[in-house]
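Secondary and tertiary structure notes
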Amino acid sequence: MRSPVAAAMSLVALSFALTASCLSAQTAPPATGSATAAAPAAGGPAYLDPANWRTVKPVVTDDIVYATVPHIPNPSAEAAPNPGTPNGIRPPLPNSGPPGTMDMHLDVYQVPSDKPTPVVIQIHGGGWIRGDRPSGSGSFGPFFAAGMSVVAVQYRNAIDAPAPAAVQDVLCAMSWVKRNAAKYNFDPNKVVTWGGSAGGHLALMAGYAPASMDPPGCTDQPKVVAVIDMYGASDVAESLTFHGSMDFTHQWIGLDLPLPPDPAPAAAATPATPDSAPAAASAGPANPDGMPRARPQPPRWPEPTEAMLARAREVSPLTYIHPGLPPTFIINGDHDGTYNPTQSYKLKAALDAAHVPNEEDIVVGGGHGNFSPAENQKGTILWMQFLHDNGVLQ
């Protein structure tokens, strides 16, 4: 095991520093093989030193339309309260397609290099019901320092289309990356998917989903060489019944309607919501994955039907575990109240059984993000080291 992160390191606030749920979570059993980070050794890769995470300035090309997709009515999301708009995200743009369609956008942060660069596909969170690309690159510095370009991706939220639309949109964005690799100096054989919460789930699906899920016109996918999953759902069927994720998961699956309001008085504690976030930290923009701290009592939902469970399993990363998947780094808090924290343990166990390289960083006492600056920094160093150890970085 490596030594703990040195306290003297300069701390950096990353976009996955999300506010923990106000409800107590179901505590997962202690993890085995949890990782700890060491201070960068003298002469080691520069990107492991946080002092270098703000030194590389990428060339930014934003608001690129990578696909024009249909708006698909979703009564489940339409019947739920408006989740609002988080801070720190790209503002909406006029649509260039015909009525009933939506432009999907991405932003390219291209690192100057005389040879093709690895590329990170960044996927925002928000419980599949809200959010968009971040308005800046404040959390991408470690990747830039390692010579990696970043592509931040928009996808359809639940109000725009039910599952599996978000998965298909991310796959289309990946196809765009491969088609445009020469233009932006990407190495299409070194693509990493990265996201938090719903974005962590979509990062896993982007690396694990079978070709049968590729939408028309998006079948030529680049090679995903690693996945970084920050507290994402691996078992969406379970998320339909877990108290912290039930509301927004039903909305995204889109196959039922909420029950009438509960006549009983609302509990004093508000239910867990995906990706609560504090105000912007000085080191970066406001968290694009934020959910309101206080929300009305969410709708109650009926027990999932067999059709709903089947759809949930279709979009669950655990469904697709097999040997040969890309190496996967998992980070989660052991008191996550949004997704059942045991999902991360089940994912690691399944990857171990399939002999897929993986590493897990469990934050003791951590919730759905909202980790301390030291834990954020430790996790970042660990996954950058993981990318190095698995041949993505030199």
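Residues numbered from 1 in each chain as written. Predicted model: local features only at pLDDT ≥ 70, side-chain atom pairs only at ≥ 80, totals over all residues. Heavy atoms only, no water.

With that settled, the discussion passes to the state of the cysteines. Going through the model one piece at a time under the given rule, you end up with one disulfide. The disulfide partner of Cys-172 is Cys-218, and the gap between their sulfur atoms is 1.8 Å. Torsion about the S-S bond of the Cys-172 and Cys-218 cystine: about 80°, corresponding to right-handed handedness. Placement of Cys-172 in helix α3 (residues 165-179) and of Cys-218 in the loop between α5 (198-208) and β6 (224-230) is noted, with a sequence separation of 46 residues between them. (Disulfide = S-S within 2.5 Å. Helix = DSSP H or I, 4+ residues; strand = E, 2+ residues; numbered from the N terminus.)

Its place among the elements puts Leu-202 in helix α5. On a C-alpha basis, the gap between Leu-202 and Leu-171 in space is 9.4 Å, while along the polypeptide they are 31 residues apart. Ignoring anything within four residues of it in the chain, the contact list for Leu-202 reads Ile-123, Trp-128, Tyr-155, Ala-166, Val-167 and Val-170. (Contact = heavy atoms within 4.5 Å.)

This part covers the packing of aromatic side chains. Going through the model one piece at a time under the given rule, you end up with 16 aromatic pairs. Considering the side-chain rings of Tyr-109 and Phe-144, the 6.3 Å spacing of their centres and the 35° angle between planes classify their relative orientation as tilted. Note that Tyr-109 is positioned in strand β2 (residues 101-110) and Phe-144 in helix α2 (residues 141-145), a separation of 35 residues in sequence. As far as burial versus exposure is concerned, Tyr-109 and Phe-144 are alike and both buried. Through successive ring pairs, a cluster of aromatic residues spans Tyr-109, Phe-140, Phe-143, Phe-144, Trp-194, Phe-329, Trp-383 and Phe-386. (Phe/Tyr/Trp six-rings, centres within 6.5 Å; stacked < 30°, edge-to-face > 60°. Buried < 20%, exposed > 50% of the residue type's maximum accessible area, 1.4 Å probe, protein only.)

Summarising burial for strand β8 (residues 358-363): six of the six residues are buried, a large majority. A two-sided burial pattern is seen for β8, the buried positions comprising Asn-358, Glu-360 and Ile-362 on one face and Glu-359, Asp-361 and Val-363 on the other. Bridge count for strand β7 (residues 328-333) against β8 is six bridges, and the pairing is parallel. What sits directly across from Ile-330, in β8, is Glu-360. Taken together, β7, helix α9 (residues 342-353) and β8 constitute a β-α-β crossover, and its handedness is right-handed. (Pairing = 2+ DSSP bridges. Right-handed = clockwise from strand over helix to strand, strands pointing away.)

For the rest of this paragraph, the subject is the pairing of strand β3 (residues 117-123). Burial analysis of β3 places seven of its seven residues in the buried class, the great majority of the element. Sheet topology places β3 next to strand β5 (residues 186-196); six bridges connect them, and they run parallel. Pairing of Thr-117 across the sheet is with Phe-186, part of β5. In this sheet, strand β4 (residues 149-153) lies alongside β3 in parallel orientation, the contact comprising five bridges. Looking across to β4, one finds that Val-120 is bridged to Val-150.

A side chain of one charge can pair with a side chain of the opposite charge when the charged atoms of the two come close. All told, the structure shown has 14 salt bridges when counted by the stated rule. For Lys-346, the salt bridge identified is with Asp-235, shortest N-O distance 3.1 Å. Highlighted residues: Lys-346 in helix α9 and Asp-235 in the loop between β6 and α6 (236-239), separated in sequence by 111 residues. Asp-235 gets classed as buried once you look at its relative accessible area, which sits at 17%. When salt bridges that share partners are traced, they join Asp-62, Asp-63, Arg-90, Asp-107, Asp-132 and Arg-133 into one network. (Salt bridge = Lys/Arg side-chain N within 4 Å of Asp/Glu carboxyl O.)

Turning our eyes to something else, we now look at α5. Among the eleven residues in α5, eleven count as buried, and that is most of the element. Among all positions of α5, only Ala-198, Gly-199, Gly-200, His-201, Leu-202, Ala-203, Leu-204, Met-205, Ala-206, Gly-207 and Tyr-208 are buried.

Looking at the element boundaries, Pro-58 is found in the segment before β1 (59-70). In this structure Pro-58 comes out as buried when scored by relative accessible area, which is 19%. With 54 residues separating them along the chain, Pro-58 and Pro-112 place their C-alpha atoms 6.6 Å apart. Residues contacting Pro-58, with those up to four places away along its chain left out, are Tyr-109, Gln-110, Val-111, Pro-112 and Phe-144.

Another aspect to go through is the confidence of the model for the protein. Across the protein, the average pLDDT comes to 85, with 80% of residues at or above 70. Ignoring residues within four places in sequence, the model shows residues 265-295, a span with pLDDT below 50, making 89 contacts including any to other chains. (pLDDT = per-residue confidence, 0-100.)

This next bit is on the packing of α3 against α5. At a minimum axis separation of 10 Å, α3 and α5 run at an interaxial angle of 60°. Viewed along their axes, α3 and α5 adopt a mutual orientation that is oblique. Of the two elements, α3 crosses α5, and the hand of that crossing is right-handed. Facing α3, whose interface residues are Ala-166, Val-167, Val-170, Leu-171 and Met-174, α5 presents His-201, Leu-202, Met-205 and Ala-206. (Axes fitted to C-alpha atoms, helices over the stretch in contact; angles between N-to-C directions. Parallel < 35°, antiparallel > 145°, perpendicular 65-115°, else oblique. Left-handed = near helix turned anticlockwise from the far one by under 90°.)

With that out of the way, let us pick up the sheet that holds β7. Here we have eight strands laid out as an open sheet, ordered β1-β2-β4-β3-β5-β6-β7-β8, and mixed in their pairing. Of all strands in the sheet, those with a lone pairing partner are β1 and β8, marking the two edges. Neighbour to neighbour, the strand axes of the sheet diverge by 15° on average, direction disregarded. In the packing of α3 onto the sheet, the strands contacted are β1, β2, β3, β4, β5 and β6, and the crossing angle to β1 comes to about 130°. Along the sheet, α9 makes contact with β6, β7 and β8, crossing β8 at roughly 160°.

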